[in-house]
Each structure stands twice: as structure tokens, then as C-alpha cells.
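Summary of the model geometry
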Amino acid sequence: MRILSGIQPTGTPHLGNYFGMMKPAIELQEKGDAFYFIADLHALTTVQNAAVLRANVRELAVDFLACGLDPARSVFFRQSDVSAVTELSWILSTVTPMGLLERCHSFKDKTARGFAASHGLFAYPVLMAADILIYDSDLVPVGRDQKQHLEVARDIAVKMNEAYGEIFKLPEPSIREDTAIVPGLDGAKMSKSYNNTIEIFAPENVLKKKIMGIKTDSTPVEAPKPTENSSILGLYKLVASATDYQAMEADFLNGGVGYGDLKKRLFAGVWEYFSAQRSRREEILADADLVDRVLSDGASKARHVTDAVMARVRKAVGLV
Ligand code: ADP
Ligand code: TRP
């Protein structure tokens, strides 16, 4: 089974990225033949500064490896190292109805937030379909926000198969409902665009300050506290054992413990949860060209697959 996913290098990886995308991807690498890539071509739609993009790619690669992506098991590479994906994207675009892209929420959301309505942003789901189809992917682990893009990829695959015969497999999304939405510091979905993120590898003092700054209501210490929509509980659930979580939930329901203490417990939980990953990250940072070696080796393996798929596609559409 071929598993594939990508993540955009648009900033420092946070707990939403970790629990929503990186952790499920890392767990799935045991289950099949996994391909994971850094979607730098996609990031160009929003990050238009070469130095920033380069730094983001590096940081994402380091953090993903530190969190457990194992290059001995998974093929880990940079999207732009496999240039055939842009060729396939063009071919797919010739069968993609405008209406399919016009219905996509992400384009509307991003332009509403002030990003320029470029053709790249509009055509983003076509490139994503190419990413998926060019690796003959069976399963694509993504966050819930990417569900519509997976449907677009399947629609495009169907259109290609109708026009040219059975050239593409239809990919299935894998969306974990339990961690589908990680809450941010303000209770809304954690996202770089909302400025409410907790970075996975924030230094201890920064992490503490962020967690102590989580928005809470004015319930007094002795009173029971609302558990619904609490970021403290929502985040604690992700990092704590079942027993520790239940103990905190009881403290919410019974009252008698203030938000400050609950936040301190959350901080300790998050810090502890990533302790092995932090040591691994130090090792990775100490090996100056490890990331380059991993990504270049991954790119060769990826190109090996895409060469075969593209030969099939070019033949089917008449480009040979
Ligand atoms: P951001 O919203 O911070 O810009 P991205 O859109 O780049 O994050 O998301 C990268 C990956 O991380 C995607 O697979 C997305 O589904 C996942 N992800 C991001 N934020 C969250 C969240 N709060 N909860 C669950 N998954 C998330
Ligand atoms: N669009 C995805 C995101 O923003 C990243 C991505 C690009 C991707 N290509 C992909 C995810 C292919 C899965 C498969 O999170």
C-alpha cells in the first residue's frame, strides 16, 4: 500500500501540525510504503521570500525527522526536487473543470484573508492532485481541512481515466477524527494564520509563557470550570496519559484548582511529551548535512517512481 502526504513549509511547525498531520503520518510509516514530502512549490503561493522559504524547508525537515519520520522506512523529499510533478499538473489542468476549482474553500478563504488571488493559488488543488497521482498513492493522511482537495484529486483522476483509459488509481483520504482539530491558545483551531500556535520545539521559557497565556474565563478558583471548548483540556488530552487526563478533568468538574495550576500541569505535560524528540533534534542539528543527505536520497527514490508513472501518462495522452 502506497501512503503519501505533504506539508507546506510556511512557518515553524506547531502542535496542530504535529497531531493533525505529522504524528499520523509517522504512525502510518509502519503500515506501508510511505512517501512524505515538503510542499515547497505549494508554499510559493504564500511565501515569496527565498531566504524565508529555504529556512522554513530546513526547519520543517529537522522537526519532522526529530518527531520520528524515519528515512530508512519512508521516502522523505522536497516536492520541487521532482520536477515531473509540475508537468503532470499541467496535463491534469487540461481536464480540470474551472467549476471544480471555483468551489474550493481554500482559495476563497485565502483571498478573503488578503492573499493575492494568483493563478497559482487558484490552481493549487491541481498541483496537489498531481502530487498524489504521480506516486500511485492509495492512502493520503491529511487534516480535515484538506478533505475537499482529496475529492478534487479523485475527480481529476476519474476525468483522466475517462479520457485516456485507466491510468490512475483513486486515492483514499485518511482523516483521524480524534485529533481532527487541535485547539489554539484562544480556543479556535490552532493555525499560523490565527496567531494562536504553540510550536513543537519552542524553548522552555517560551513554551511556558505561551501556555500560561492561554485564554480562560473568570471562573474563581473554587468553582467548577467549563470543560467544553477548553484549550487546556483539549491540549492536555493529546499529551497526557488517560489517568492524568481524567484527574485534570475531575479538577475542572469539581473546582478547587485555579487555571494557573491547570496550565502549569499542561506545560509539564507538553514539555515531557516531546522530551525524546528534543534530544533527537539536537543530534540532527549537530550533523550539519544530514538533512541534505536525507532529502537528496529521498528525491532519487521518488524520481524512480515518477519516471515510470510519467512514461505511462505521456504514452496515454500522446506526448511520445
Ligand atoms: P496552518 O493552519 O498553521 O497554516 P497548515 O494549513 O500549513 O497549518 O497545515 C499543515 C498540516 O497540519 C495540514 O495537514 C493540516 O491539516 C494540519 N493542521 C494544521 N493545523 C491543525 C489543527 N489545528 N488541527 C489539526 N490539524 C492541523
Ligand atoms: N495542501 C496540503 C496542506 O496545506 C499540503 C499538500 C500538498 C498535500 N500536496 C499534498 C497533502 C498532497 C497531501 C497530499 O496541508
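Criteria and thresholds
Residues numbered from 1 in each chain as written. Chains lettered and ligands numbered in written order. Predicted model: local features only at pLDDT ≥ 70, side-chain atom pairs only at ≥ 80, totals over all residues. Heavy atoms only, no water. Domains from an automatic or database assignment. Contact = heavy atoms within 4.5 Å. Buried area = accessible area lost by both parts, 1.4 Å probe. Salt bridge = Lys/Arg side-chain N within 4 Å of Asp/Glu carboxyl O. Nonpolar A, V, L, I, M, F, W, Y, C, P; charged D, E, K, R; others polar. Helix = DSSP H or I, 4+ residues; strand = E, 2+ residues; numbered from the N terminus. Polar contact = N/O pair within 3.5 Å; in protein donor to acceptor, adjacent residues only side chain to side chain. Core = buried A, V, L, I, M, F, W, Y, C linked by side-chain atoms within 4.5 Å. Buried < 20%, exposed > 50% of the residue type's maximum accessible area, 1.4 Å probe, protein only.

**Overview of the domain arrangement of the protein**
When the domains of the protein are assigned, the result is domain 1 (2-181 + 288-317) and domain 2 (202-273). Contact residues are listed per partner, giving five residues for domain 1 and five residues for domain 2. For the pairing of domain 1 and domain 2, the buried interface totals around 380 Å² over both sides, and the portion due to carbon and sulfur atoms is 85%. Linking domain 1 with domain 2 are zero salt bridges. Class assignment of the residues belonging to the side of domain 1 that touches domain 2 gives a composition of three nonpolar, one polar and one charged.

**Notes on the side chain of Asn-196**
By the secondary structure assignment, Asn-196 is in the loop between β5 (172-174) and α9 (204-212). Of note is the side chain of Asn-196, whose polar atom sits 3.0 Å from the backbone oxygen of Lys-189. Once residues within four sequence positions are removed from consideration, Asn-196 is found in contact with Gly-184, Leu-185, Asp-186, Ala-188, Lys-189, Met-190 and Ser-191.

**So, the nonpolar core**
Membership of the largest hydrophobic core comes to 56 residues, with the highest contact counts inside it found for Leu-15, Phe-64, Phe-76, Leu-235 and Leu-266. Of the residues that make up this core, three or more belong to each of domain 1 (2-181 + 288-317) and domain 2 (202-273). In this view, Leu-235 contacts Leu-15, Val-182, Pro-183, Met-190, Ile-198, Ile-214 and Leu-266; residues no more than four positions away in its chain are not counted. Core analysis: the next-biggest nonpolar cluster, separate from the first, contains 45 residues, Val-85, Ala-130, Leu-150 and Ala-299 among them.

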